[in-house]
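Examination of the molecular architecture
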Amino acid sequence: MAPGFTMEKKEDGQSTSKSASIHLSNPHLQKMKEDILYHFDLGTGTHDFPALFGDVKFVCVGGSPSRMKAFTKYITGELGLGDPDADIPNICAGTDRYAMYKVGPVLSVSHGMGIPSISIMLHELIKLLYHSKCCNVTVIRIGTSGGIGLEPGSVVITSQSVDASFKPQFEQIILGKAVVRGTQLDGELARELMECSQEIQEFKTVIGSTMCTLDFYEGQARLDGAFCFYTEKEKLQYLQAAYDAGVRNIEMESSVFAAMCNLGGLRAAVVCVTLLNRLEGDQISSSHDVLVDYQQRPQKLVCHFIKKQLGKA
Ligand code: R2B
Ligand code: URA
């Protein structure tokens, strides 16, 4: 067995130990001469992973490549690691699937929209961190969402991700059989992030369950998709039931993110701003400037957290 290679016997996230090293649970990897991370256009045969990424302590992931680039520039300035206006290279420039940026100990990666897209990225990211011999890594998804019963612009720190039936689990079909994994997130990390928000005092932040769906329209009970076969009353009953079950926002990646970070032994959090209150509408109609301001909120919060962790706040 390769040095540092950890075999995980248990499948559910809750029982995965939170040791500082990255856990891979795949005996087949040992037999491979090199590992090509195809969607990153990186490989262990062509790149020196420990030299490139060995010092990574924080990984921030978000849907859009331009948002992750903007975040990296912002954090460059805040951490005093260079000129925030200078251009930064995209480490995955050889592919347009994902974008990746690095400044000091912070890696920023885009993941696209939805569970399949973030899941592919996370398989390759977790292997990248393992091959780089990284330890004590915290992974945070910074994103957007639809809020339930919250003023637009509020930020939700996810306690657990739930599925469309409000169950804290992620189900995936593997070899034709349903495999269910836990979607609990690190409670201590969520509390630390909440404390950061209280220190910033710029926007309302709550800790709550996040519902992860397979679709933006019917999957999130919208009335404005190309197809809709339910009434407004049924929509509101469903969203109210979600609220009563503790759901405070809805997005499309948190379940597999939580499940895979649990399996990988990674400390993880999801911090999403709410773009609208779904009890009041479906269309995202705020102005461009307001939406830009909202999208910067998770970035500000996570940047403050990283600064504190590095003793720079
Ligand atoms: C939030 O926003 C996207 C849909 O607009 C999706 O990726 C998500 O989770
Ligand atoms: N992202 C979502 O998935 N849903 C929303 O309502 C807004 C952003």
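Presented here is an overview of the structure given in this document. Since the model is a prediction, treat every value here as computed from it, not as a measurement. (Residues numbered from 1 in each chain as written. Chains lettered and ligands numbered in written order. Predicted model: local features only at pLDDT ≥ 70, side-chain atom pairs only at ≥ 80, totals over all residues. Heavy atoms only, no water.)

**Description of the site of ligand 2**
The following threshold applies: Residues are classed as near a molecule or strand on a simple rule: at least one heavy atom within 4 Å of it. By the criterion applied in these results, polar contacts are pairs of N or O atoms within 3.5 Å in which, for protein atoms, one can donate a hydrogen and the other can accept it, and in which residues neighboring in sequence qualify only through two side-chain atoms. The way it works is that DSSP assigns letters per residue, a run of H or I at least four long becomes a helix, a run of E at least two long becomes a strand, and they are numbered from the N terminus. Here the term charged refers only to Asp, Glu, Lys and Arg, the term nonpolar to Ala, Val, Leu, Ile, Met, Phe, Trp, Tyr, Cys and Pro, and the term polar to all other amino acids, Gly among them.
Close to ligand 2 lie Thr-144, Ser-145, Gly-146, Phe-216, Gln-220, Arg-222, Ile-250, Glu-251, Met-252, Leu-276 and Ile-284, which account for all nearby residues. The contact in question runs from a nitrogen atom of ligand 2 to an N or O atom on the side chain of Gln-220, over 2.8 Å. Broken down by element, the residue count for the shell around ligand 2 peaks at three residues, all from strand β6 (residues 138-147). The class makeup of the residues in the shell around ligand 2 is five nonpolar, four polar and two charged.

**With respect to the nonpolar core**
The following threshold applies: What is meant by a nonpolar core is a set of buried Ala, Val, Leu, Ile, Met, Phe, Trp, Tyr and Cys residues, joined one to another through side-chain atoms within 4.5 Å. Only protein chains enter the accessibility calculation, which uses a 1.4 Å probe; a residue whose area is less than 20% of its type maximum is buried, one above 50% is exposed, and one in between is partly exposed. We call two residues contacting when some pair of their heavy atoms lies within 4.5 Å.
Grouped together as the largest cluster of nonpolar side chains are 41 residues, with contacts concentrated most on Phe-40, Val-59, Leu-125, Leu-128, Leu-129 and Phe-257. Residue assignment for this core shows that the elements contributing at least two residues are α1 (49-53), β3 (58-62), β5 (106-110), α3 (115-131), α6 (254-263) and β12 (267-277). A total of nine residues in this core trace back to one element, the largest contributor, which is α3. Filtering out sequence-adjacent residues up to four positions away, Leu-129 remains in contact with Ile-22, Val-56, Val-59, Cys-134, Val-137 and Leu-266. Core analysis: the second largest hydrophobic core is formed by 31 residues, Phe-58, Cys-60, Ile-157 and Val-273 among them.

**Re unusual backbone geometry**
Positioned with a positive phi, Lys-133 is a non-glycine residue whose angle comes to about 60°. You can see Lys-133 is positioned in the loop between α3 and β6. Its relative accessible area of 66% is what places Lys-133 among the exposed residues. Within the chain, Gln-201 stands out as a residue other than glycine whose phi angle is a positive 55°. Within the element layout of this structure, Gln-201 appears in the loop between α4 (187-200) and β10 (205-212). With relative accessibility at 70%, the residue Gln-201 sits in the exposed group.

**So, the site of ligand 1**
To keep things clear, this is the line we draw: With residues, only the protein chains shown are counted as cover, and all accessible areas are computed by Shrake-Rupley using a 1.4 Å probe.
In the vicinity of ligand 1, the contacting residues are Met-113, Arg-141, Thr-144, Phe-216, Glu-251, Met-252 and Glu-253. Note that an oxygen atom of ligand 1 is positioned 3.1 Å from one of the side-chain N or O atoms of Thr-144. Here an oxygen atom of ligand 1 sits 2.8 Å away from a polar atom, N or O, in the main chain of Met-252. Burial of ligand 1 by the protein amounts to 81% of the accessible area it has alone, namely 270 Å². When its residues are assigned to classes, the shell around ligand 1 shows three nonpolar, one polar and three charged.

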